[in-house]
Amino acid sequence: MTQRALNSSGGQTPGRPRPVPIDAGSELDPVHPMRLPASAVSTSGLTAAEVSERIARGEVNDVPVRSSRSIGEIVRANVFTRFNLIIGVLWLIMLFVAPFQDSLFGYVIIANTGIGIVQEWRAKKTLDGLAVIGEAKPTVRRDGVASEISTSEIVLGDLVELGPGDKVVVDGAVAEADSLEIDESLLTGEADPVLKLPGDPVMSGSFVVAGGGAFSATKVGREAYAARLAEEASRFTLVQSELRSGISTILKYVTWMMVPTAIGLIISQLVVKNTDLKDSIARTVGGIVPMIPEGLVLLTSVAFAIGVVRLGRKQCLVQELPAIEGLARVDVVCLDKTGTLTEGGMDVTEVRPLGGADDPYVRQVLANLGASDPRPNASLQAIIDAYPSPNGEAWRCTEALPFSSARKYSGAAFDEGSGKASSWLLGAPDVLLPDHDPSLGEIEQLNEQGLRVLLLARAQGELEGPQSAAGAEPTALVVLEQRLRPDAGDTLRYFADQRVATKVISGDNAISVGAVAGKLGLPGAEHTMDARRLPADPDDMASAMEEHTVFGRVTPQQKREMVAALQSRGHTVAMTGDGVNDVLALKDADIGVSMGSGSEATRAVAQIVLLNNSFATLPSVVAEGRRVIGNITRVATLFLTKTVYSVLLAILVVCFQVEYPFLPRHLTLLSTLTIGVPAFFLALAPNKERARPHFVRRVMRYSVPSGVIAGVATFVTYLIARHYYTGPGSLDAETSAATLTLFLVSMWVLAIIARPYTWWRIVLVAAMGGAFLIVLIVPWLQQFFALKLVGSVMPWAAVAIAVAAATALEFTWRLVSRRFPV
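The rules behind each value
- Residues numbered from 1 in each chain as written.
- Predicted model: local features only at pLDDT ≥ 70, side-chain atom pairs only at ≥ 80, totals over all residues.
- Heavy atoms only, no water.
- Helix = DSSP H or I, 4+ residues; strand = E, 2+ residues; numbered from the N terminus.
- Buried < 20%, exposed > 50% of the residue type's maximum accessible area, 1.4 Å probe, protein only.
- Contact = heavy atoms within 4.5 Å.
- Areas by Shrake-Rupley, 256 points an atom, 1.4 Å probe, with all protein chains shown as cover.
- Axes fitted to C-alpha atoms, helices over the stretch in contact; angles between N-to-C directions.
- Parallel < 35°, antiparallel > 145°, perpendicular 65-115°, else oblique.
- Left-handed = near helix turned anticlockwise from the far one by under 90°.
- Nonpolar A, V, L, I, M, F, W, Y, C, P; charged D, E, K, R; others polar.
- Expected span 1.5 Å × (residues − 1).
- Arc of directions from axis to C-beta.
- Pairing = 2+ DSSP bridges.
- Phe/Tyr/Trp six-rings, centres within 6.5 Å; stacked < 30°, edge-to-face > 60°.
- Core = buried A, V, L, I, M, F, W, Y, C linked by side-chain atoms within 4.5 Å.
- pLDDT = per-residue confidence, 0-100.
- Salt bridge = Lys/Arg side-chain N within 4 Å of Asp/Glu carboxyl O.

### Side note on the overall build of the protein chain
Link 1 in the chain: Across its full length, the protein chain holds 28 helices and 21 strands.
Link 2 in the chain: Burial statistics for the protein chain: of 822 residues in total, 56% are counted as buried.
Link 3 in the chain: Excluding contacts between residues fewer than 6 apart, the proportion of contacts in the protein chain whose partners are at least 24 apart in sequence is 73%.
Link 4 in the chain: Accessible surface, the protein chain as shown: approximately 33600 Å² in total, 59% of it carbon and sulfur.

Here you go:
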């Protein structure tokens, strides 16, 4: 902060009420925060000795930055689940009453849970590493020297500098202010920025929208007002995810079905049937275990975790894991031009004096305007690069008006020496000029070429206040050329190919933005609209949003309203941006995407941060989300088909008062070959299928009829075998025949789900069939799994029944697809 800024900002704004002071020892809150006398803070900040003393006392901002669950939380979440508890109890029972091979399902669960823990731990390492890379470094002044430090290194009393887009990382009180405006909407819900003066409080979680300054840290660590909120917001979360909520719904219904069915099965096997106790217990457990789709939850977690690792390698920080699912469901992407379609830098291509203005004088004004702002935006930086600060004695800046996206201009007042003073504004021509000014025609021609035009105007009154631009005298046009991102065109074409509508929303002139979008090949770029002419009615605004593609002169509040208007029409909206003016819209959008080089405020509210600042990374996120959604939908059908036929078989066993046909080892073998191994490969395979809604309906409409057909076919084989086989060992022969039918029907379900076929899918299905054939052929495997086909009549009857069931499956799937489209 310059000495000029310090001198110009210490006064009291007339008529502005001061906050009510409270006792210094009371808790800081957003309604009645404490004040700090401006004179109590040194402008040079703390000394090294004072910092060391505060560190020794523990007065450090030690709130941990947690981007993911801890190791302990990961282990607990994967181990202590409802279904693991049920299976664990059943496993312990089987260890005591049955051979080792009947307790294999317990070891499979241990292996699956271990895989889940390892995969999420890998995702945690990736996420934590990227979070450190993307972490903001606040500028702290110590011993009169400003330097960037980690947020966790701030100590009580540190003097933290602020500029546009900076996030307030700890609670404090303003020590210096230069037209400092703070947005506290993320904490209080109030959208209007608050002008801060020396002594005013600032809260962690708020951010700077205009001006600059510095504040002294009064609350650090867990004492800060927003510390708990910030920690919760930055840790591993599972927000609005149709996949997660759908699976939870399915598991809830499965539990309701499973409990009474399992009770009936237990009574049937242990009380009604007068069979060996240990064998009855084994067959009862064999009926209960396959009802539990425990692998579905695990596989979903693994798919999300691996998705995070894959995106992490592309420098994409996913702050909320289901965001990759959410972006795959998006049908409208709202882009901010600057920083998204264009690179951050600009170049001055021309300066056109107006009204006979002297060209050297105009350049001198621009050079001093650049020198007056300690934190220039991209436009002013281009002017600074073209017209560096004068080598001789510069004009003295007496007043400064930092750029604000709400008013679209900045300004400064100068003492030029020799008793001459002047005030200048630099900003949007269509804001600073009246509607019918003749210069607007010339400006529009430049905008149509995709050039950005700023107006330099001499102000006639005070810079502060809503009427500061009134009567401004046009002096020169500053023509800027924006640098297009080389990969933006390909990304726009990708979204067009995927039938995702793209809306460019910018604070710049609509025609200029449209020209830039047109150069990049955006469909509909010619359909531009000035946001100042947008209807206020939300429904009319939604219609305008659907009809037009490019919007210019959009205010931060309008961006928020435009997102809401699109959402009101049922659209799933993603918003990208890097500037502080994008924060409110990013927060309200279904998915917020921020650039890594963007302001700390945008990175704080976005679900996805592109650390490499490449808009071209977004297709990878969409593709990863589609892979997760499409593949989990596929494998969920496998898991729930097993649940349905297991419940149905248990009901039929109870109704017909017969022994349960399977031991746990049989269903462990079937589950491994027809579900477990194939599901793992299918869940991680490439999948470009467009994400579709109604996950539960889409899964259940196939798994229910598939499970019913598999269950009925298996039970029919079992009943026929019971009449065919007699004498000792007949139950084992009956079980083997039923197992053969169930395996073949389950394999056909797998073959349907594996479509469309690729070489590796064909190999996968064939390998599972070959593995089962090996079990039937190798003697010791026959004995291990208690599977031995007796004779030739019954095995071929089992095959014939399976063929009939497979035909019914094909017919049913086609009928369901036609009659009940989702």
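Additional details are given in the paragraphs that follow.
### A word on the packing of helix α22 (residues 618-656) against helix α24 (residues 695-724)
Link 1 in the chain: One can describe the packing of α22 onto α24 by two numbers: an axis separation of 7 Å at closest approach and a directional angle of 40°. On the basis of the axis angle, α22 is oblique to α24. Crossing of α22 against α24: the hand is right-handed.
Link 2 in the chain: Classifying every residue of the contact of α22 with α24 by side-chain character gives 20 nonpolar, eight polar and one charged.

### Some thoughts on helix α4 (residues 82-97)
Link 1 in the chain: Its 16 residues place the ends of α4 23 Å apart at the C-alpha level, agreeing with the 22 Å of an ideal helix rising 1.5 Å per residue.
Link 2 in the chain: Among all positions in α4, only Phe83, Asn84, Ile87, Leu90, Trp91 and Met94 are buried. Down the axis of α4, the smallest arc covering the buried residues is 135°, so these residues share one side. Exposed and oriented more than 90 degrees from the buried face of α4 are Leu85 and Phe96.

### Looking at the pairing of strand β1 (residues 139-142)
Both faces of the sheet carry side chains from a regular strand, because those side chains alternate between them.
Link 1 in the chain: Where β1 lies against strand β2 (residues 145-148), four bridges are found, and the strand directions are antiparallel. Residue pairing across strands places Val140 opposite Ser147, the latter belonging to β2.
Link 2 in the chain: As judged from the two bridges shared by β1 and strand β3 (residues 159-162), these two strands associate in the antiparallel manner. Paired with Arg141 across the bridge in β3 is Leu159.

### Remarks on the sheet that holds strand β17 (residues 528-530)
Link 1 in the chain: On the basis of which strands lie adjacent, the open sheet formed by eight strands has the order β8-β21-β20-β19-β9-β16-β18-β17 and mixed pairing. Lying at the two open borders of the sheet, with one neighbouring strand each, are β8 (316-318) and β17. Pairs of neighbouring strands in the sheet enclose a mean axial angle of 20°, with direction left out of account.
Link 2 in the chain: Bridge analysis of strand β9 (residues 332-335) against strand β16 (residues 501-505) gives four bridges, and the strand direction is parallel. By the bridge assignment for β16, Val332 is matched with Ala501.

### Description of helix α9 (residues 277-288)
Link 1 in the chain: Taking 1.5 Å of rise per residue, the twelve residues of α9 would be expected to cover 16 Å, and the 17 Å separating its terminal C-alpha atoms lies within 8% of that figure.
Link 2 in the chain: Burial analysis of α9 places nine of its twelve residues in the buried class, which makes it a mostly covered element.
Link 3 in the chain: Regarding α9, the residues found buried are Ser280, Ile281, Ala282, Arg283, Thr284, Val285, Gly286, Gly287 and Ile288.

### Topic: the pairing of strand β13 (residues 420-427)
Link 1 in the chain: In terms of residue burial, β13 counts as a mostly covered element, since six of its eight residues are buried.
Link 2 in the chain: Examined bridge by bridge, strand β12 (residues 409-417) and β13 share eight bridges and lie antiparallel to one another. The residue of β13 that forms the bridge with Ala413 is Ser423.
Link 3 in the chain: Connecting β12 to the antiparallel partner β13 that follows it, the hairpin turn spans two residues, and Ser418 within it adopts a positive phi of roughly 55°.
Link 4 in the chain: Across four bridges, β13 lies against strand β14 (residues 452-458) in antiparallel orientation. Bridging across to β14, Leu426 finds its partner in Leu456.

### Points about the packing of aromatic side chains
Link 1 in the chain: Summed over the entire model, instances satisfying the criterion amount to 14 aromatic pairs.
Link 2 in the chain: Ring geometry for Tyr494 versus Phe495: centroids 5.7 Å apart, planes at 70°, classification edge-to-face.
Link 3 in the chain: Note on Phe495: relative accessible area 2%, which makes it buried.
Link 4 in the chain: In this structure an aromatic cluster arises from ring pairing among Tyr361, Trp395, Phe414 and Trp424.

### A look at the environment of Val622
Link 1 in the chain: Within the element layout of this structure, Val622 appears in helix α22.
Link 2 in the chain: As a C-alpha pair, Val622 and Ala691 span 69 residues in sequence and 9.4 Å in three-dimensional space.
Link 3 in the chain: When neighbours within four sequence positions are excluded, Val622 is seen to be in contact with Leu327, Ala328, Tyr494 and Phe495.

### Digging into the environment of Ala623
Link 1 in the chain: Following the sequence through the fold, Ala623 ends up in helix α22.
Link 2 in the chain: According to the relative accessible area criterion, Ala623 is partly exposed, its value standing at 34%.
Link 3 in the chain: Sequence spacing of Ala623 and Leu327 is 296 residues, and the spatial spacing of their C-alpha atoms is 9.1 Å.
Link 4 in the chain: Setting aside residues up to four positions removed in sequence, Ala623 forms contacts with Tyr494 and Asn687.

### Section: the nonpolar core
Link 1 in the chain: Grouped together as the largest cluster of nonpolar side chains are 119 residues, with contacts concentrated most on Leu327, Ile608, Phe615 and Ile632.
Link 2 in the chain: A total of 16 residues in this core trace back to one element, the largest contributor, which is α22.
Link 3 in the chain: With residues near it in sequence (within four places) discarded, Phe615 still touches Leu335, Thr340, Leu341, Ala488, Thr491, Leu492, Phe495, Met595 and Leu610.
Link 4 in the chain: Core analysis: the next-biggest nonpolar cluster, separate from the first, contains 26 residues, Ala544, Val563, Ala565 and Leu586 among them.

### Section: unusual backbone geometry
Link 1 in the chain: Cis geometry is found at the peptide bond from Arg755 to Pro756, where omega equals -5°.
Link 2 in the chain: Within the element layout of this structure, Pro756 appears in the loop between α25 (730-753) and α26 (759-777).
Link 3 in the chain: One non-glycine residue, Asp143, adopts positive backbone phi at about 55°.
Link 4 in the chain: Examined against the element boundaries, Asp143 turns out to sit in the loop between β1 and β2.

### Focus on the packing of α22 against helix α23 (residues 664-683)
Link 1 in the chain: The N-to-C vectors of α22 and α23 enclose an angle of 170°; their axes lie 9 Å apart at closest approach. One way to sum up the angle between α22 and α23 is to call them roughly antiparallel. Of the residues in α23, those touching α22 at Arg627, Asn631, Ile632, Val635, Leu638, Phe639 and Lys642 are Ser671, Thr674, Ile675, Ala679, Leu682 and Ala683.
Link 2 in the chain: Considering only residue class, the contact of α22 with α23 consists of eight nonpolar, three polar and two charged.

### What about the confidence of the model for the protein chain?
Link 1 in the chain: This prediction gives the protein chain a mean pLDDT of 80; 86% of its residues lie at or above 70.
Link 2 in the chain: Averaged pLDDT values for the elements of the protein chain fall to 34 in helix α1 (residues 3-8) and rise to 94 in α26.
Link 3 in the chain: Across residues 229-239, where pLDDT falls below 50, the model places 26 contacts with residues more than four positions away in sequence or in other chains.

### So, the pattern of salt bridges
Link 1 in the chain: Counted under the stated rule, the structure contains 25 salt bridges.
Link 2 in the chain: Notably, a salt bridge pairs Arg310 with Glu624, separated by 3.5 Å at the nearest N-O pair. Highlighted residues: Arg310 in helix α10 (residues 294-312) and Glu624 in helix α22, separated in sequence by 314 residues.
Link 3 in the chain: Its relative accessible area of 29% is what places Arg310 among the partly exposed residues.
Link 4 in the chain: On the accessibility criterion, Glu624 (8% relative accessible area) is buried.
Link 5 in the chain: Ionic pairing is found between Arg569 and Glu546, a salt bridge with its closest N-O pair at 2.8 Å. In this pair, Arg569 sits in the loop between α19 (556-568) and β19 (573-577) while Glu546 sits in helix α18 (residues 538-547), placing the two residues 23 residues apart along the sequence.
Link 6 in the chain: Accessibility expressed as a relative area gives 31% for Arg569, which makes it partly exposed.
Link 7 in the chain: Through salt bridges with shared partners, a single network forms among Asp430, Asp530, Arg532, Arg533 and Arg553.

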